[in-house]
Amino acid sequence: MRLLPRPSIRSQRRLTGAMQVLLIAIVAYGFLAGEQKAISNGIIAFLVTLVPATLERRYDLPLDPWLALWITMAVFLHTVGSAGFYARVEWWDHMTHALSASLVAAVGYTTLRAVDLHSDGIRIPPRFAFVFIVVVVLAFGVLWELFEFGLDIVATETGIDMPLAQHGLEDTVKDLTYNTIGAILVGLFGQAHLTGVAELVRDRLLGSAAE
């Protein structure tokens, strides 16, 4: 049973299109105002929003409209945050971290579930899947914070304004905390929304590789 309403494909495409238009507007603003972060984050986010359609065309892997909207929303909200909302809205960073972490957790769960479905000799208990999701997100979160720390060093040495930056130890701890919250939500409720995606991955990718 699904816990969230499933948007229609038409609604998902309209919402995705609207967010893509706004991302293009953010990039245009970045060029006009000389805001490097708005340009880089906007371009990267726009490219990510093309991933669901690319998977469908190239690999014949149609994503559930809810999942496709999830991917687009995660990168869109991050870009809006980097355009000014992170500084103006205190909870915006927490929300985007939880949402992005839930997306990483969803990829981890889908991969694990696809392997489980693909092999009769492998059985992955739900409790192990939950722990796996949380550990994957925690590891990814640590790597991400190290990546941001590295960008800070490069920015200090070169004077180049980087699209990402750390804001102290307290901010890092809060980021990891909300990453964990996103992972736990997917661990608890992901099966209702992601099992079908895992079956598609198995049939379209793993299945073809085994032939």
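Because the structure is predicted, anything quoted here is derived from the model rather than measured.

Parameters and conventions
Residues numbered from 1 in each chain as written. Predicted model: local features only at pLDDT ≥ 70, side-chain atom pairs only at ≥ 80, totals over all residues. Heavy atoms only, no water. Helix = DSSP H or I, 4+ residues; strand = E, 2+ residues; numbered from the N terminus. Buried < 20%, exposed > 50% of the residue type's maximum accessible area, 1.4 Å probe, protein only. Phe/Tyr/Trp six-rings, centres within 6.5 Å; stacked < 30°, edge-to-face > 60°. Patch = residues over 30% accessible without salt bridge, like charges linked within 9 Å, V, L, I, M, F, W, Y side chains within 5 Å. Areas by Shrake-Rupley, 256 points an atom, 1.4 Å probe, with all protein chains shown as cover. Salt bridge = Lys/Arg side-chain N within 4 Å of Asp/Glu carboxyl O. Axes fitted to C-alpha atoms, helices over the stretch in contact; angles between N-to-C directions. Parallel < 35°, antiparallel > 145°, perpendicular 65-115°, else oblique. Left-handed = near helix turned anticlockwise from the far one by under 90°. Contact = heavy atoms within 4.5 Å. Nonpolar A, V, L, I, M, F, W, Y, C, P; charged D, E, K, R; others polar. UniProt positions renumbered as here; feature names shortened; annotations may be inferred. Expected span 1.5 Å × (residues − 1). Core = buried A, V, L, I, M, F, W, Y, C linked by side-chain atoms within 4.5 Å. Domains from an automatic or database assignment. pLDDT = per-residue confidence, 0-100.

Draft legend 1. Molecular detail of the overall build of the chain. Each helix and strand counted, the chain has eight helices and zero strands in total. What you see in the chain, going N to C, is helices and strands ordered as α-α-α-α-α-α-α-α. Burial analysis of the chain (211 residues in total) assigns 38% to the buried set.

Draft legend 2. Local environment of the packing of aromatic side chains. Enumeration according to the criterion identifies four aromatic pairs in this entry. Plain terms: the ring middles of Phe85 and Trp92 are 4.7 Å apart, the flat faces sit at 50° to each other, and that makes the pair tilted. The class of Trp92 is buried, set by a relative accessible area of 10%. Counting every residue linked through ring pairs, the aromatic cluster contains Phe85, Trp91 and Trp92.

Draft legend 3. Layout of a nonpolar patch on the surface. Residues Ile181, Ile184, Leu185, Leu188 and Phe189 make up a contiguous nonpolar surface patch of about 430 Å² in total accessible area. Within the fold, Leu188 resides in helix H7 (residues 169-189). Residue classification places Leu188 among the exposed residues on the basis of a relative accessible area of 53%.

Draft legend 4. Representation of the packing of helix H1 (residues 9-33) against helix H4 (residues 65-88). Look at H1 against H4: their axes get within 10 Å of each other, and the N-to-C directions meet at 20°. In this view, H1 runs roughly parallel relative to H4, as classed from their interaxial angle. Here H1 runs over H4; the crossing is left-handed. Contacts between H1 and H4 involve Ile9, Gln12, Leu15, Thr16, Met19, Leu22, Leu23 and Ile26 from the former and Pro65, Ala68, Leu69, Thr72, Met73, Phe76, Thr79, Val80 and Ala83 from the latter. Residues belonging to the contact of H1 with H4 are distributed by class as follows: 13 nonpolar, four polar and no charged.

Draft legend 5. Just the UniProt feature "transmembrane region" (unreviewed entry) in the chain, in detail. Here the UniProt-annotated "transmembrane region" (unreviewed entry) positions come out as residues 15-32, 38-55, 67-89 and 127-147. For residues 15-32, helix accounts for 100% and strand for 0%, while the C-alpha atoms at its two ends are 26 Å apart. With 94% helix and 0% strand, residues 38-55 has end C-alpha atoms that lie 26 Å from one another.

Draft legend 6. A look at helix H2 (residues 36-49). Given a rise of 1.5 Å per residue, 14 residues ought to cover 20 Å, and the 20 Å separating the end C-alpha atoms of H2 matches this to within 8%. Regarding H2, the residues found buried are Ala38, Ile39, Ser40, Asn41, Gly42, Ala45 and Thr49.

Draft legend 7. The environment of Trp144, seen in detail. Tracing the chain through its elements places Trp144 in helix H6 (residues 126-158). Distance in space between the C-alpha atoms of Trp144 and Leu176 is 9.8 Å, their sequence separation being 32 residues.

Draft legend 8. Expanded view of the nonpolar core. If you look at the biggest cluster of nonpolar residues, it comprises 29 residues, and the most contacted ones within it are Trp70, Phe76, Ala105, Ile133, Val137 and Ala183. If you list the elements that add at least two residues to this core, you get H1, H2, H4, helix H5 (92-118), H6 and H7. When residues in this core are grouped by element, the largest group, ten residues, is from H4. Looking at this core, you find at least three residues from each of domain 1 (1-89) and domain 2 (90-210). Excluding residues that lie within four positions of it along the chain, Phe76 makes contacts with Met19, Leu22 and Leu23.

Draft legend 9. Focus on the confidence of the model for the chain. In the predicted model, the chain carries a mean pLDDT of 76, and the fraction of residues at 70 or more is 76%. No element of the chain has a lower mean pLDDT than helix H8 (residues 191-210), at 58, and none a higher one than H1, at 87.

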